[in-house]
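# Structural characterization, general
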Amino acid sequence: MLYWLTLLSDGGDFFNLFRYITFRAGGAFLTALVFGFLFGRPLIAVLRKRQGKGQPIRDDGPESHFVKAGTPTMGGLLIVGALLTSTLLWARLDNPFVWIVLFVTMSFAAIGFMDDYAKVSKQTSAGVPGRIRLLLGLVIAAIAAYWAAQYHPEALQNKLALPVFKDTLINLGYFFVPFSIIVIVGSANAVNLTDGLDGLAIMPVMIAAGTLGVISYAVGRVDFTEYLDVHYVAGTGEILIFTAGLFGGGLGFLWYNAPPAAVFMGDTGSLALGGALGAIAVSTKHEIVLAIVGGLFVVEAMSVIIQVLYFKRTGKRVFLMAPIHHHYEKKGWAESTIVIRFWIISLILAMIGLATLKVR
């Protein structure tokens, strides 16, 4: 919205700063951060009052989690509110990729909110039936994938770009939309599975979003794409503003989610943020890089899949408990140890993901 202040510029004054994506990204970060600090405590107070007993704790979960009973959930509203406000304020609202990412984020946030509300109101760990959540997610992702494809360069439409092998494009044709659905829905649910310990999900999400934001900015600039030898997708640079808002809002939330958490993100936040990462990857043609940058989420999801399939086949378990962060809890690792080590892994994977931009 503030981009329109450039109409008041003569090319050499303060208003000219609003032309620069980097300047507006900084503004989005600060706006989201301030939003988080201003509204965090009042939101937690409202959630605690309305929810009473807070998020139900699963009986079959780690015993150490029982002390968390009474902690309110739906804290994702703080992150979503911060990034929505900052994006609408600082991004160019005539950019289709901004709206695609916002559409996915807010739609998945709505699904998560319904699920959290069902759990809290009924005081059960079973919320909205999984089939309904999955169906809604598939529809949202399909719309976003088709929408994004319309704004990709003709040479890249319905094609999969590979990192490192930058001259190779795989023509998915009609399978591009189904593939993108898997990326978006898979990302949303993988982040949702990771959100099991205080602060565990939000920092890796922020790291992944920051990495994808840098990639979005690079992919949206002709000079950068020529130097880095990556595919140019006009307009994706504005996504940096969204990711900056996510980073700022994430920090504001982490202030209250750091152990011991005063509020849980809930499905409201985890589904929204995971869906956002998937939508950014599809928009920038970096779906494979998302699997690297978000490798922690992939491992968390795979640990559940492996556990379920192996148990159904043999009646035995591969892990002491899935997702894998619970496995390490069962092995006696302190919660803070697991969280910090997983953060470190996420940062390493982000560096690897960024390295794919410059490999010849």
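A brief report on the enclosed structure follows.

Rules used throughout
- Residues numbered from 1 in each chain as written.
- Predicted model: local features only at pLDDT ≥ 70, side-chain atom pairs only at ≥ 80, totals over all residues.
- Heavy atoms only, no water.
- Helix = DSSP H or I, 4+ residues; strand = E, 2+ residues; numbered from the N terminus.
- Buried < 20%, exposed > 50% of the residue type's maximum accessible area, 1.4 Å probe, protein only.
- Core = buried A, V, L, I, M, F, W, Y, C linked by side-chain atoms within 4.5 Å.
- Contact = heavy atoms within 4.5 Å.
- Expected span 1.5 Å × (residues − 1).
- Phe/Tyr/Trp six-rings, centres within 6.5 Å; stacked < 30°, edge-to-face > 60°.
- Lys NZ or Arg CZ within 6 Å of the ring centre and 35° of its normal.

### Remarks on unusual backbone geometry
- Of note, the bond from Pro259 into Pro260 is cis; its omega dihedral lies within 30 degrees of zero at -10°.
- Position of Pro260 among the secondary structure elements: in the loop between helix H8 (239–257) and helix H9 (266–284).
- Cis geometry marks the peptide bond from Ala322 to Pro323, where omega comes out at 0°.
- Turning to its location among the elements, Pro323 is positioned in the loop between helix H11 (295–314) and helix H12 (324–330).
- For Asp229, which is not glycine, the phi dihedral falls at a positive 60°.
- Its location among the elements puts Asp229 in the loop between helix H7 (222–228) and H8.
- On the accessibility criterion, Asp229 (30% relative accessible area) is partly exposed.
- Phi at Lys285 is positive, roughly 65°, even though this residue is not glycine.
- Its place among the elements puts Lys285 in the loop between H9 and helix H10 (287–293).
- The class of Lys285 is buried, set by a relative accessible area of 3%.

### A short note on the nonpolar core
- In this structure, Phe108, Ile202, Phe242, Leu246, Leu273 and Leu277 are the most contacted members of the largest nonpolar core, which totals 81 residues.
- Of all the elements, helix H6 (residues 202–219) adds the most residues to this core, at twelve residues.
- If we ignore the near neighbours within four places in the chain, the residues touching Ile202 are Ile79, Gly250, Phe253, Leu254, Asn257, Met265 and Leu273.
- Leu197, Leu296, Phe319 and Ile338 belong to the second largest nonpolar core, which has eight residues in total.

### Points about H8
- Between its terminal C-alpha atoms H8 stretches 26 Å, which fits the 27 Å expected from 19 residues at 1.5 Å a residue.
- Taken across its 19 residues, H8 has 16 buried, putting it largely inside the fold.

### As for the packing of aromatic side chains
- This structure, assessed with the given rule, holds twelve aromatic pairs.
- Residues Phe113 and Tyr117 carry aromatic rings whose centres are separated by 6.4 Å and whose planes lie at 20° to one another, so their mutual orientation is stacked. Note that Phe113 and Tyr117 are positioned in helix H3 (residues 96–122) at a spacing of four residues, about one turn of the helix.
- Accessibility expressed as a relative area gives 35% for Phe113, which makes it partly exposed.
- Positioned above the aromatic ring of Phe224 is the side chain of Arg221, whose terminal nitrogen or guanidinium carbon lies 4.4 Å from the ring centre.
- Residue placement shows Arg341 over the ring face of Trp333; its charged tip is 4.8 Å from the ring centre.

### Details of the environment of Gly112
- Following the sequence through the fold, Gly112 ends up in helix H3.
- Counting along the chain gives 155 residues from Gly112 to Asp267, while the straight-line C-alpha distance between them is 4.3 Å.
- The contact partners of Gly112, leaving out residues within four places of it in the chain, are Asp267, Thr268 and Leu271.

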